[in-house]
Amino acid sequence: MPRDPSKYLKEASIRVDSSSLEYPVIELVAPEIENEYPPVPSSRYQRPQINDDVEEIYSRRFVASQSSIFYCNSKSVFPRSILWRVLENNTVLDLLPVDSTILDEHLQSSPIKLQRVRISFSTPIKHAGVVISEHDDLLTIDVLTESLALYTFALNNKTFTGEWIRRPTTEWCHVHEPAHFNLRPPHFMTALTGGSLVFALLDGGLIRLDRSHPLSNDYTERIFSDGSYLASLRGMFLWGSSDKVKGHPSVSTNLVVSMAAIPNLPLLITASISSCLKLWSLDSLTSINAYDISSDQERALLPNNKKVLLELEPSTLISTAQVDDLVYIATYCPLGDGQFRIWKLAIDRSDGFAAELVDLLQTSIRPVAPDDNAIWMITDFELVQARNGLDLFVLWKSNKSSRVHALFDILTVSGNNSAQHWRSVGLNSMDRLDSTGYFNTLSEDITERYLQSIFQPGVFSPAIIESVLPVYEQHYSASDAAKQISKTTNINLSLVNRVANAVSASVSLSASLYGNLDSLDYESYNRDLQQQWTRFERLCLELSKHGEEALSLARDPINNIVWVVRGSTVSALRSCVGLEYAQLSADRGSNRSLDVESKSQPDIALLNALRSFRQQISQPVVADFISALVDDALKSPNFSVGDRMSTIYDNILNDQISDSAIDHLHRRLYHISDLENVLQLCYLEFNHVISQTFGRPSLNTRRHLTTIGATFLSTSVHDSVVTTYGFLVDILLFLVVFAVDISEEFSADHIFLYDRFLQIFKTYSFLKILTETVLASNLNLLTEDEALAQTVDQLDVSRTVVAAGKKFRPGDSILQFLLSKFELGLACTVANDLVSGIVGVGDAVEYVISYWSIHSSPSAAIGGIGALLSGSYVYESERVTPYLSVDGVSTYVKGRVYLALGDAEQASLYFSRASANIAGAQLSDVNRLALSFFSKKHIAGLGVSAYAIHVSDLLFKNGAFVQSSEFARLAVDINDGGDIDRLRAKAYRAAQGGALYDAAYQSLVEIQNSDIRISLLEGFVIKLCENDQSFRLAQYPFLELHGLVESILEQKARSSVDVRSSPNYYKILYGWRVEHGNLRDASSALYEYIQRLRSGLTSQVDNFNEFDIDVSNSYVVLMSTLSCIDEKPEPWFLARKTIEAGVSSPSKKPKTSYHKDRSQRTLVRLSDVRREYGEEVLRMESILQKQLVGIA
């Protein structure tokens, strides 16, 4: 089954409307000119209203009527590829950089921010009226409008990289109205090297416009001649001309509709509507030779007015390619079934300069339409240099769709049977929504399933859904009230929620019109809901078709990558990966002359037969079968493979497959001679893609992906994964059905193959989740030097880039983030592949798939989760965890995921399971690199104690103090030679953070280092007091730390500003001393507290409040405490007594400070306390009496 990958191609497409690539926009307005042509106002986009034609608004704003890609000839500029699009009823020119990679030398000290340029015109742009060329370091854009004005814009590359500075219009725009255009109107134009332009005129003539600078006024107009001055003069004044097109008196039958300049040669080739192919000298502006693009010699001899003419509109009839020093030309004649001819340019320099075209094949090449179900026409074609000669790419379009066909190795084609060599280029899987719906919508909930289908990456742009939503609300809402509810409830909601609300509201309101909503039966509701979602999806499909019109093919002249430009998308052609080529024959329709016959390629025959078999089974059954496959692939096998297959069949497939489907499959497989061998070959091909090993990536060329490049690569990888995923589902479905239900003679072989294919399926299930996350997410995090520095260190590469202060800035996508975070060399290698031709793009896709394959490298899942977590994609990483293995490293990673999700208890469980394995494991370089996402230090193979400390710190940082304390105690208990006091300090902090005070106290008193112990003690005491746990102070013995605890409490009490604030350290100190039998010092603390309360009060007593109660109660407690002291003649204590602390008022708060110079230590007896208490009682009685008098 080996095949040349360059001969089996697919498209990798992205949307380029403004809603998909949200680049900043530079709005420019072309100056208006005065003429008789009525100007068409430039329409600005407004939000669709109920009475607006939403389809017309969407098409006008987002779908291009003309578009192509211009490539600069130099590799050293950035950007070097510009996508131009004509929008807004041909009144806006949109310019967008679409480089897929960027060299390291272009990265500056500040991030490069790409932006698009939009130029508005007052009159419409003519068809084929836009050409772009290079002039020195300027990008010259020439635009011909319907008013016959030639606009020239001179922009530089910095315009598209965020460095645009507003300047006067004359510095970037010039308007020219050639005098010849009034008499001889132009049809279209093309650009020559050096900034000159050639115009094809309606009267069949050509005119060259030369200028010294794009914005200069020194235009020189020179007229082409075919060697006859009179013929030229007659064409100029329209005298005696009889070669006019019927119905078009101003159009000559010599009208040129296609022309191309020969690179690096002063030659121009033109094709007219009379099929005349002419070779012109750009030096003398004369015709050198004339030919006919058709192979009908009799027709070529007819006069022009007797011939069947071609269409008048400018079109692509000529394409050139250069192979070494030889120039080849492909021409197309659309008459009849159409025909291509390949010419070789022969140049004779022996006597001056002579050139002629030689028919290379001596026969014509007949194109083959994609199918017989529509009317097809060729829009564009490109002749491309290939390894074995020339390749011809043809862009077909119909009123329904468009396709690309390719003819390879033209120089080897002989005879008249070239049709069998045409190959169809496969569409992107996102362009085939029906074929991917089985695999992207497995949810049982109808709303969730359709939301996944509609919002799956790459299917519908936000602009399409935004445009469809008001149409749906207008036509399918049950009442005006429903519309009003939708408007009021959808404010500030995401687009997903707005769509879900609109559809669900329509169903509910519709149901309520016919009956009681509470009595609706569930099946009816589901049926109506599915119908509404189907309507919404169909509206999106219909609107998306507006942007599918094929406009042009574009070829990068440096790397020969061919691009397909459509109304709202661009696609790069890439080689197929693995068995993707089998899908090409399935997508080609009914035309059997394309590709090769499936009978001669049994793998294609098998995969197409199995695909047809799966399509005869209902989608819900297939979805359930896929869910069962995923469960079977992820769970550890508890019983035999055959029993698992039987269980899947009995639970899901039994009685769900018709006999006719089985019979049809039997008939298709009958022609495959060795079915088991073909299945084995398919397995080997699948396994080859995900098991490849690559050499060490080269960093000689530091190239990085841009946003466009990362999106293209993401789309291509996802497309390849989804396609192969579908093939695997088909094969596994066949194996289950035939091994269990139908064929007994080779059931054992099928069981063996099922197990092998299931492992491949597991890998692609993982890749599918990863690529879906890539396409659905954007990332703008990598702007720091650390990302580059770390990866450079890992690869032992020179750090000159980092030393130079340059920052690593990948594209704004998570794919680039995954590539760069896991290994810098991978990102550079992939970026280099993307600019290495069509096969290089396919190699990049295959490289990424094999690199992230969990089949050949289980650590790929670890690295993927690590990259997702470091990018804050927590919930996306949870979807990947089932694909981790059961070893210690994978178990540890699961713990990290659950910790990021906030489930510390589950995370701790996984950390515990991993401890024994990871603590003593000797990791491979790949595993060590994967774990580097989670810890800068090596955490494996260092022993259980070091691992426990790492986990404890990790849990502590995430606020999981209880679990952190457990691992910290584990580290202390299993100490294997570390600093035991440091471990005990960690255990103390973790226990204290988790309010595990008993464990914290145990760790604290175990610390032997007095300095560490003392520094931690104050925090422990304060923590207990602040958390209302001061009673624990009396429960803990503290031993030799007893005095330190008391001094801490005393210092905190005296330094408190508000003595009544919580915690009240005076009362805590009093309780501490009483608990330890020190009643005298306890009394001293309580007395000092009373003095602090009274010292801050004034002598004016007007109200009775809580201050008075606190003072009174404290005196009672103090007297009770002193009464417990057995002292003769009376109990006493030493106290700090405030000097001149007169009677105070409780209506004022204490002062904010307490100065030591206002107090002194004095002897206080019980009698003194009683006297002061009596005075306090009298004061309170006086307050109460005044209050009673006031009441009376």
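Note that the structure is predicted; figures quoted are calculated from it, not measured.

### Re the pairing of strand β1 (residues 9–15)
(1) Moving on: Among the seven residues of β1, seven are classified as buried, and the element is accordingly described as predominantly covered.
(2) Moving on: The alternating pattern of β1 places Leu9, Glu11, Ser13 and Arg15 on one face and Lys10, Ala12 and Ile14 on the opposite face, and all of these are buried.
(3) Moving on: One ladder, built from seven bridges, connects β1 with strand β32 (residues 569–575); its direction is antiparallel. Residue pairing for β32: Ala12 is matched across the bridge by Ala572.

### Thoughts on the side chain of Ser424
(1) Moving on: As for its position among the elements, Ser424 is in strand β29 (residues 422–424).
(2) Moving on: In this structure the side chain of Ser424 is engaged in a polar contact, spanning 2.8 Å, whose partner is the side chain of Arg403.

### Looking at helix α29 (residues 944–957)
(1) Moving on: Here α29 contains 14 residues, and its C-alpha end-to-end distance of 20 Å stays within 8% of the 20 Å for a straight helix at 1.5 Å per residue.
(2) Moving on: Of all the residues in α29, the buried ones are Ser945, Tyr947, Ala948, Ile949, His950, Val951, Ser952, Leu954 and Leu955.
(3) Moving on: Of the residues one or two after α29, Gly959 is the one with positive phi, at around 80°.

### A look at the pairing of strand β2 (residues 25–29)
(1) Moving on: Only one face of β2 is buried, namely the one carrying Ile26 and Leu28, since none of Val25, Glu27 and Val29 on the opposite face is buried.
(2) Moving on: When β2 meets strand β7 (residues 116–120), the two strands line up parallel, connected through five bridges. If you follow Val25 over to β7, its bridge partner there is Arg116.

### Here's the deal with unusual backbone geometry
(1) Moving on: A cis amide bond links Phe78 to the next residue, Pro79, at an omega of -5°.
(2) Moving on: In this fold, Pro79 is placed in the loop between β3 (66–71) and β4 (81–87).
(3) Moving on: For the bond from Ser1062 to Pro1063, the omega torsion is 0°, close enough to zero to count as cis.
(4) Moving on: Its location among the elements puts Pro1063 in the loop between α35 (1042–1054) and α36 (1065–1075).

### Digging into the pattern of salt bridges
(1) Moving on: Across all of its chains, the model carries 39 salt bridges by this definition.
(2) Moving on: Between Glu1175 and Arg1171 there is a salt bridge, and its shortest N-O distance comes to 3.6 Å. In this pair, Glu1175 and Arg1171 both sit in helix α39 (residues 1166–1191), four residues apart, roughly one turn of the helix.
(3) Moving on: Exposure remark for Arg1171: the relative accessible area of 42% places this residue in the partly exposed category.
(4) Moving on: Linked through salt bridges whose partners overlap, the residues forming this network are Arg969, Asp973, Asp981, Arg984 and Glu1006.

### Here's the deal with the packing of helix α24 (residues 859–870) against helix α26 (residues 888–900)
(1) Moving on: Closest axis-to-axis distance for the α24/α26 pair is 10 Å, and the angle between their directions is 20°. Taken as axis vectors, α24 and α26 run roughly parallel relative to one another. Crossing handedness for the pair α24 and α26: left-handed. Residues Ile862, Ile865 and Leu869 of α24 lie in contact with α26, whose contacting residues are Val889, Ser890, Val893, Arg896, Val897 and Ala900.
(2) Moving on: A class-by-class count of the residues in the contact of α24 with α26 yields seven nonpolar, one polar and one charged.

### Some details on the packing of aromatic side chains
(1) Moving on: Going through the model one piece at a time under the given rule, you end up with 37 aromatic pairs.
(2) Moving on: Aromatic side chains Phe734 and Phe738 sit 4.6 Å apart centroid to centroid with 45° between the ring planes, which places their arrangement in the tilted category. Taken together, the positions of Phe734 and Phe738, both in helix α17 (residues 707–742) and four residues apart, correspond to about one turn of that helix.
(3) Moving on: Judged by its relative accessible area of 3%, Phe738 is buried.
(4) Moving on: Through successive ring pairs, a cluster of aromatic residues spans Tyr988, Tyr1001, Phe1020, Tyr1036, Phe1038 and Trp1072.
(5) Moving on: In this structure, Arg913 packs its charged tip against the face of Tyr910, placed 5.4 Å from the ring centre.

### Description of the nonpolar core
(1) Moving on: Counting 138 residues, the largest nonpolar core has Phe625, Leu653, Tyr754, Phe757, Phe761, Tyr764 and Phe911 as its most contacted members.
(2) Moving on: Per-element tally for this core: the top contributor is α17, with 19 residues.
(3) Moving on: Setting aside anything within four residues of it in sequence, one finds Tyr754 in contact with Leu629, Asp632, Val641, Met645, Ile648, Leu732, Leu735 and Val736.
(4) Moving on: One finds Val1045, Leu1049, Phe1133 and Val1169 within the second-largest nonpolar core, a separate group that totals 49 residues.

### So, the confidence of the model for the protein
(1) Moving on: For the protein, per-residue confidence averages 78 on the pLDDT scale, and residues scoring 70 or more make up 77% of the total.
(2) Moving on: In this model residues 820–825 is a low-confidence stretch, pLDDT under 50, and it forms 31 contacts with partners more than four residues away in sequence or in other chains.
(3) Moving on: With pLDDT under 50 throughout, residues 1141–1157 is counted as low confidence; its partners more than four residues away or in other chains account for 44 contacts.

### Quick notes on the side chain of Asp292
(1) Moving on: Within the element layout of this structure, Asp292 appears in strand β21 (residues 287–292).
(2) Moving on: Only 2.4 Å separates the side chain of Asp292 from the side chain of Ser294, close enough to count as a polar contact.

### Points about the sheet that holds strand β11 (residues 173–176)
(1) Moving on: The antiparallel open sheet is built from four strands, whose spatial order is β8-β9-β10-β11. Strands with a single pairing partner mark the edges of an open sheet, and in this sheet they are β8 (125–135) and β11. Mean inter-strand twist for the sheet, computed between neighbouring axes without regard to direction, equals 20°.
(2) Moving on: For strand β10 (residues 150–155) and β11, the ladder comprises four bridges, and the chain directions are antiparallel. Note on β11: the bridge partner recorded for Thr152 is His174.

So, how was this worked out
Residues numbered from 1 in each chain as written. Predicted model: local features only at pLDDT ≥ 70, side-chain atom pairs only at ≥ 80, totals over all residues. Heavy atoms only, no water. Buried < 20%, exposed > 50% of the residue type's maximum accessible area, 1.4 Å probe, protein only. Helix = DSSP H or I, 4+ residues; strand = E, 2+ residues; numbered from the N terminus. Pairing = 2+ DSSP bridges. Polar contact = N/O pair within 3.5 Å; in protein donor to acceptor, adjacent residues only side chain to side chain. Expected span 1.5 Å × (residues − 1). Salt bridge = Lys/Arg side-chain N within 4 Å of Asp/Glu carboxyl O. Axes fitted to C-alpha atoms, helices over the stretch in contact; angles between N-to-C directions. Parallel < 35°, antiparallel > 145°, perpendicular 65-115°, else oblique. Left-handed = near helix turned anticlockwise from the far one by under 90°. Contact = heavy atoms within 4.5 Å. Nonpolar A, V, L, I, M, F, W, Y, C, P; charged D, E, K, R; others polar. Phe/Tyr/Trp six-rings, centres within 6.5 Å; stacked < 30°, edge-to-face > 60°. Lys NZ or Arg CZ within 6 Å of the ring centre and 35° of its normal. Core = buried A, V, L, I, M, F, W, Y, C linked by side-chain atoms within 4.5 Å. pLDDT = per-residue confidence, 0-100.

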